[in-house]
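Summary of the model geometry
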Amino acid sequence: MKKMPDLLVMILEFLKTGLFAVGGGYATLPFLHDMAVKYDWFTLSDLTNFIAISEVTPGPVGINMATFAGYLSNGVFGGVLASLAIVTPPTILILILCHFVPNITENRIMKKIFYGLIPSATALILGVFLWLFQNALLSFGDIKMTVIGLVLLTGLTFIAFRWKLSPFLLLL
């Protein structure tokens, strides 16, 4: 069992992530990247695995990644706490906004705020995408293997759409 300060720091990090990761699950990536660099909870290599696993498991990608990161850093208890910590700030914020701002989707000011958040969320996600792309290319070591993998993946996708194969069959 981890020491209480470690759990408290982890909870605070995921509360921060939940509050500022605007733009969906991939907006949590810069925060997770920062955690991997700052703490010894998980590695950058683990982060790429979080993304892959989060994509194939049911549920929101951001919450799945928080659960895996929390689990890896502090076990089952850490996974539960990280999941709760990442959803708490947006839940509270939405409840407050819905109470004080009637018809939030029709509100002119709220539309401008959300419109203004788009570039920053896009930049955060793009920054991590570039890091992941560079990391993936370097981990193969050989650009030929990367190109062959992309060609095979494109061919499989074409075949799947052409013959209307079941996604379940493709996963198997």
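A brief structural summary. (Residues numbered from 1 in each chain as written. Predicted model: local features only at pLDDT ≥ 70, side-chain atom pairs only at ≥ 80, totals over all residues. Heavy atoms only, no water.)

**Considerations on the layout of surface pockets**
- In this structure, the largest pocket occupies an estimated 480 Å³ of space.
- Taken together, 23 residues form the lining of the largest pocket, with Gly18, Leu19, Ala21, Val22 and Pro90 sitting closest to its centre.
- Sorting the residues of the lining of the largest pocket by element identifies α1 (4–20), α4 (61–100) and α5 (108–140) as the ones contributing at least two each.
- In terms of residue count, α4 provides more of the lining of the largest pocket than any other element does, nine residues in total. (1 Å grid on protein atoms, 1.4 Å probe; cavity = no way out; pocket = protein on both sides within 12 Å on 5 of 7 lines; lining within 4 Å. Points joined across faces, edges and corners; volume = space filled by probe spheres on them. Helix = DSSP H or I, 4+ residues; strand = E, 2+ residues; numbered from the N terminus.)

**A closer look at the environment of phenylalanine 129**
- With respect to the helices, strands and loops of the structure, phenylalanine 129 is situated in helix α5.
- For phenylalanine 129, a relative accessible area of 47% corresponds to the partly exposed category.
- Remark: the alpha-carbon pair of phenylalanine 129 and tyrosine 26, spanning 103 residues in sequence, is separated by 9.2 Å. (Buried < 20%, exposed > 50% of the residue type's maximum accessible area, 1.4 Å probe, protein only.)

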